[in-house]
Every structure is written in C-alpha cells, then in structure tokens.
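# Structural features, examined
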Amino acid sequence: MTDLTRRTAAELAAAIHSRATTAVEVTRAHLDRIAAVDGAVHAFLHIDADGALAAAAAVDEALDAGRAPASPLAGVPLALKDVFTTADMPTTCGSRILEGWRPPYDATVVRRLRDAGVVILGKTNMDEFAMGSSTENSAYGPTRNPWDLDRIPGGSGGGSSASLAAFEAPLAIGTDTGGSIRQPGSVTGTVGVKPTYGGVSRYGLVAFSSSLDQGGPCARTVLDAALLHEVIGGHDPLDSTSVDAPVPPVVAAARAGVAGDLSGVRVGVVTELSGEGYQPGVLRAFAAAVDRLRALGAEVVEVSCPHFDYALPAYYLIAPSECSSNLARFDAMRYGLRVGDDATRSAEEVMALTREAGFGAEVKRRIMIGTYALSSGYYDAYYGQAQKVRTLITRDFDAAFGSVDVLVSPTTPTTAFRIGERADDPMAMYLADLCTIPSNLAGNAALSVPCGVSDEDGLPVGLQVMSPTLADDRGYRVAAAYEAARDAAAGDTLISAVPQLEVAAR
Amino acid sequence: MPTISRTEVAHLARLARLAVTDEELDVFAGQLDVILTSVARVGEVAADDIPPTSHAVPLTNVFREDVVRPGLSQQQALSGAPRAEDGRFRVPRILEAEDRLAGPTMEAEQ
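Residues numbered from 1 in each chain as written. Chains lettered and ligands numbered in written order. Predicted model: local features only at pLDDT ≥ 70, side-chain atom pairs only at ≥ 80, totals over all residues.

### Re the overall build of chain B
Our working rule: Each helix is a run of DSSP H or I of at least 4 residues and each strand a run of E of at least 2, with the numbering of both proceeding from the N terminus. Burial in this document is a count-based property: other C-beta atoms within 10 Å of a residue's C-beta are tallied, and the residue is buried at 20 or more, exposed at 12 or fewer, or partly exposed in between, with C-beta positions derived from the backbone.
Secondary structure summary: chain B contains four helices and two strands in total. Across the 110 residues of chain B, 18% fall into the buried class.

Here you go:
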C-alpha cells in the first residue's frame, strides 16, 4: 500500500488486522494529509493528534498481543462532526456560544466508536447547530469543497463530507435532520446515510430538532458506510427514542449488492422529485443511474407521492419550532458564553445579550420563526398544520412501499454551488433540502450514493435511495450494486477524480 | 399570507431572548416575511380530519429500572460554567430592584 489515505476503510482494517501495516502508521498518514491540505479545505475545527495516535497505539498493542480486533473497523481513523459531545475534545457545534466548551461526558456514538477501536482524528466543521446546507453558517469560517475550493461542500455536515473527499479520513460521522448527511455526500461525491430514525443513539448529540435529528455514517464506499453503521447503531437505554430492535443487516446487504444482481427488486422513481428547479445535468446523471439499475435487473416504475410537494414548508415549520425550544438551553448560566455580566444587568438581560452575541444569523432566524409558529393564534395554522402534513407524507411513503421496495430521486436539485451564492437568500438555501426532507419527516431510512458528474460542470451528483423504516439494508444493497456497476463501467472510482489539493493549496 | 412587521420581529426577538440590533431588525423582517409566506403553503393541504404526527416513531412512556447510578460530579457539572462560586453556579441577579424591596412575588405574565 503506497498511499494509505487512498484506501477504503475495509482495506485499511484488513491490512491493520493482518499486521501488514499498523494503526499508528495509518493514523500518522492521515494526520500528515490533514496537515498538508486542511489549510485549503478547512474540514476540521479541532485535531487531536496525540489522542488519535494513543488510540491507534492501543489497537496495535492489542493486536500484537494476539487479541482479536475489537470490531471490523478497529484501528481505522474517523472524522467526527462537532455536534457530538467528547470528554477529551471541545464541542462547539460550529457556534460561538459553545466556543471552547469541553463536555463532561461522551456521546453514545463516541463511546461506541472508542469501544470499537475506531481512531477519532478530530472534530469537523458544520453549519452552526446543524442549521444550513453549505457550512457557511459556521462561526469558524466555511469549509471548501475538495472538487472545487470555491464551492460549498454541502451542509450542515460539510466538514465531514469534505474530509472524506480530501482523503483526510476514510470514515466520518454526520447528523441528518433535513439532509445534512446526504446532501453533503451528494455534492462531494461521497456516500452518506441517514439511518431509520432511532437507529443510532441521540444521547450526547446536541439537539437541533429532536423528532428529526439522526446520526449516521459517511464514507467513500457503500461497504465502508455499512461497516460504520453497524459500529454506531443499535438500541441505547440512554436515548428514550432509540429503537429497541436489532440493527438491520446492512453489511451483509452491502456485500450482497456488490454481486450486482438486482433482479426482483422493485424501484420507484418519485414523480414529485424532478422537473422545474432541478439542474439539467443532475437530471441527466440521475436518469443514467436509473437506467443502470434497470440494467442490473431492477424493475423500475414511476411512483407519485403527492404530499412531498409540501415537505419543505412543513419541515421549515417543524424544525424551527423544535429548535426554538431546544436552543433555550443556551441561557449563559450553566455552560458556554456569557456576555454583559457587569453586576448591574439582570440575568434576563445577560441572557439576551449572550444569545445575541453567541448565535449567528441563521440560528436567530430559525429561533424567531419557531417562536412565531408556536405562538398562540398561529399555532394551528402553522405548527399544527405542518404536523398533519407530516402524517400525509408518511402515508405517501407507506402507499409507495406497498408497491415498490425502494424509492429513488436525485439527492439534491443541483451540484455544489459557489460559496456566497445563496448566503443572503435563506429560501434559496432551503431548496437544497427539497429531496431529502421527506425521509426525515417520516423517519424512514435513506442514503446518497454518488452517481457520476453533471455534464455541464463536472461536479458530482448523488442518487438518493429511500427505504422503509427499519429496512435500511435495502438501500445498502441497491447502492452497493449500483456503485460496483458504476466503477466497473468507468474503470475507476468516481472519487479518484478529485483534484490534487496540495497543488491547489493556497 | 403573512406580512410581518418590524415591530412583530422585535417582539419575537424579545420572546426568544435575543437582543437584536436595529440593523438586524431591518434584515430579519424582510427575510422572515419571505420564509413565513413560503411555509404558509402548508395551509393549502386539506387536512382537517388528519391526525398530527409529532414524532417519527410512535412512542409512549419508556421506563427503566429505578436504580441509583452515578451522575455528574459537582465539579463536572460546574466545569463549563461561565462563573461559579462556593461550588454553585454564579448567576446575575434575577429580580428587579423593586422586586427585591417587595420580596419574592410572582411577576405577572406578559
């Protein structure tokens, strides 16, 4: 293995476990890569070189002592979205209000990663409190897309997606409230999975919209995402909304998919997730992907989900409403920023001054929209009606999954847009979540797998595969089959087309 | 539907404990109006007889055994506090001057 950073997580694990290389060597290679390119990409908010090397050394020591690997990913490095609490690293959520905050406990996802011997390299950049689709809403500056450093890497998990595309890490963790794993995956040519709601614990995941937030795996291949999914997934008594059911057999499904036979699989193309507002090159790449699924034996039909047209407005009422309540915890009293405490001002004044200084514009907008939507007199017309629309969207999914096994669409209507292009137009930014939101509202599983590049700009396009609740394995099977066929046809992986960042480094 | 005024945005900001500036009020008023007008489209859906969904996974109460287990230590709980004193959170005054003279009475809801 010449360049360890170009390998998949599965390949790295195999080489580490067979002692062809060591976890320390692999970790060092990724830390070196970060040092070389993160000045240009800015995927990380915090890098824990010492902690990562110590964790890697512990894995090597156990393997050298003849013990079995703690998990199939033991020794493999990972980039962690800065929205999960870590006792040994700061947790900022991309916000000034939590600058430098060191939580007193680890999130369950973090605990599981450590127990599995996964090496956490550091914390990745994100839109503040996961509100955004470009990572421009981070208080610590934007992350840049490794495909084109003038463009956004998606959001809110743009740090995680960019770290993968920049070969700074083979694995990453994201969270998906309205598309924050899948849309960054789409625009960076990487794989992003939103598990079924409740499939991955939310304990220690700083809450934005509790009924929608879901952590999940990010990787450069479908199999790697599946391996990570099985490490972090499963019931957690510390999260009362965690599903008490076995993790769907996603690794087996990904391995089965690689065989490339989709005969008997019924694929539904969602009528409503196409047409006006979609970039023509995205639609062409999507159509070619659907053709490929058909060539693999899938039976493709068109399916209408009429209420999906109302998913975006319903989401932008429900998510801000929950956020206005959740973010009330940032009150300048127990942790985080406090400003204006001059011994004359009241707690309430200090609270308002702190929140004004500590939150960015998008967070303030959403808190105010949520406050509005939950006000008496507006509640029924806004929040109440949005909850009813949510029911209708779930019913659309139920009806569709009565006749097909999975649904497909483009992951997001366009390729990566330029940094700054939508910064002053919140509604234009919200449209990036058009195709991903329905699965957050209904809670079912959905993922994005790269499906080539758009012919007008050469930037990556994502194929979204949506599966029924707790049938996450279906998406993995279809995506793995598609990915294998795509790479076979192209003669190489899509991600290998990312430009040389050392040259581009500024 | 909505045209949201600058005054209404100022009211929302106060409810949400955000000491927004005058310049922000100008920007936010326009932006919130665009957003709220757009999301008001949910009203087009005939849904009078549809039950609301508050959560993707239908759940009732989740119970666990009532056993004592360690929580955060005092030191851990105070580790992120902006100010602490005598092992407690040090907070700015919570009563107005006249309240302090009059003693602890409930402030009327606004």
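### As for the overall build of chain A
As a reminder, the rule being used: This radius of gyration counts C-alpha atoms alone. The globule rule is 2.2 Å times how many residues there are, raised to the power 0.38. Whether two residues are in contact depends on their C-beta atoms, placed from the backbone: they are in contact if these lie within 7 Å.
Each helix and strand counted, chain A has 17 helices and eleven strands in total. Its C-alpha atoms give chain A a radius of gyration of 21 Å, within 12% of the compact-globule value 23 Å for 506 residues. Considered along the principal axes of its C-alpha atoms, chain A spans approximately 65 × 55 × 45 Å. Going through the 506 residues of chain A one by one, you find that 63% of them count as buried. Residue pairs in contact within chain A that sit at least 24 positions apart in sequence constitute 77% of those at least 6 positions apart.

### Here's the deal with the sheet that holds strand β5 (residues 191–194) of chain A
Adjacent strands of a sheet pair through backbone hydrogen bonds, lying either parallel or antiparallel. Residue and element names in this part refer to chain A. Operational definition: Strand pairing follows a simple DSSP-based rule, namely that at least 2 bridges must link the two strands. Fitted lines through C-alpha atoms serve as axes, helices being fitted only where they are in contact, and the angles separating the N-to-C directions of these axes extend from 0 to 180 degrees.
The eleven strands lie next to each other as β1-β3-β2-β4-β6-β5-β10-β11-β9-β7-β8, forming an open sheet whose pairing is mixed. Pairing within the sheet leaves two strands with one partner each, and these edge strands are β1 (44–47) and β8 (299–303). Shown here is a sheet whose adjacent strand axes are inclined to one another by a mean of 25 degrees, direction ignored. As paired strands, strand β9 (residues 406–410) and strand β11 (residues 460–467) are joined by four bridges and run antiparallel to one another.

### Overview of helix α4 (residues 108–115) of chain A
All buried positions along α4(A) are accounted for by A:Thr108, A:Val109, A:Val110 and A:Leu113. Contacts from the buried residues of α4(A) go to β2 (77–81), β3 (119–124), β4 (171–175), β6 (215–219) and α7 (222–232) of chain A.

### Some details on the interface of chain A and chain B
Under the convention used in this document: Only Asp, Glu, Lys and Arg are considered charged, only Ala, Val, Leu, Ile, Met, Phe, Trp, Tyr, Cys and Pro nonpolar, and every remaining residue, Gly among them, polar.
Every contact between the two is made by 56 residues of chain A and, on the other side, 45 residues of chain B. Those elements that place two or more of their residues in the side of chain A that touches chain B are α10 (311–326), α11 (347–358), α12 (361–373), α13 (380–400) and α14 (426–430) of chain A. Counting residues per element, the side of chain A that touches chain B draws most heavily on α13(A), at eleven residues. Its residues assigned to classes, the side of chain A that touches chain B comprises 29 nonpolar, 15 polar and twelve charged.

### Some remarks on the environment of A:Ala13
All names here are of chain A. Looking at the secondary structure, you find Ala 13 in helix α1 (residues 9–17). Since 25 C-beta atoms lie within 10 Å of it, Ala 13 is described here as buried. Apart from residues no more than four positions distant in its own chain, Ala 13 is found in contact with Pro 72, Leu 73, Ala 74, Gly 75 and Val 76.

### A few points about the environment of A:Thr8
All names here are of chain A. As for its placement among the helices and strands, Thr 8 is situated in the segment before α1. A count of 18 C-beta atoms within 10 Å places Thr 8 in the partly exposed class. As for Thr 8 and Tyr 430, which are separated by 422 residues in sequence, their C-alpha atoms are 33 Å apart. Residues contacting Thr 8, with those up to four places away along its chain left out, are Pro 170, Arg 220, Thr 221 and Asp 224.

### Overview of the confidence of the model for chain B
All names here are of chain B. For clarity, the threshold we go by: Per residue, pLDDT measures the predictor's confidence, with a range of 0 to 100.
Mean pLDDT over chain B works out to 87, with 85% of the residues at or above the 70 mark. The model gives residues 103–110 a pLDDT under 50, and that stretch makes zero contacts with residues more than four places away or in other chains. Here the predicted complex carries an ipTM of 0.93, next to a pTM of 0.96.

### Re the environment of A:Ser134
Tracing the chain through its elements places A:Ser134 in the loop between β3 and α5 (158–165). Leave out the neighbours within four places in its chain, and A:Ser134 touches A:Asp127, A:Ile152, A:Gly154, A:Gly155, A:Gly158, A:Arg422 and A:Met429.

### Section: the packing of α10(A) against α12(A)
Residue and element names in this part refer to chain A. For clarity, the threshold we go by: What sets the label is the angle itself: under 35 degrees gives roughly parallel, over 145 gives roughly antiparallel, 65 to 115 gives roughly perpendicular, and the rest give oblique.
The interhelical angle for the contact between α10 and α12, taken along N-to-C directions, is 100 degrees, at an axis separation of 7 Å. By the criterion of interaxial angle, the relationship of α10 to α12 is roughly perpendicular. Within the contact between the two elements, α10 uses Leu 317, Pro 320, Ser 321, Cys 323 and Ser 324 and α12 uses Arg 366, Ile 367, Ile 369, Gly 370, Thr 371 and Ala 373. Tallied by class, residues from the contact of α10 with α12 come to six nonpolar, four polar and one charged.

### What to know about the pairing of β6(A)
Residues and elements named next belong to chain A. Burial within β6 is extensive, with five of its five residues counted as buried. Pairing of β4 with β6, which is carried by five bridges, proceeds in the antiparallel orientation. Following the sheet pairing, Thr 175 is matched in β6 by Gly 215. Looking at chain direction, β5 and β6 are connected through two bridges and run antiparallel.

### Considerations on unusual backbone geometry
Backbone torsion omega between A:Gly155 and A:Ser156 reads 10 degrees, so that peptide bond is classified as cis. Relative to the helices and strands, A:Ser156 resides in the loop between β3 and α5. A positive phi angle is found at A:Phe129, which is not glycine, with a value near 50 degrees. Among the secondary structure elements, A:Phe129 is positioned in the loop between β3 and α5. C-beta crowding within 10 Å serves as the criterion here: with 30 such atoms nearby, A:Phe129 is assigned to the buried category. Located in the positive-phi region is B:Arg17, a residue other than glycine, with phi close to 55 degrees. Structurally, B:Arg17 can be placed in the loop between α1 (6–15) and α2 (22–39). Of the residues examined, B:Arg17 has 21 C-beta atoms within 10 Å and is grouped as buried.

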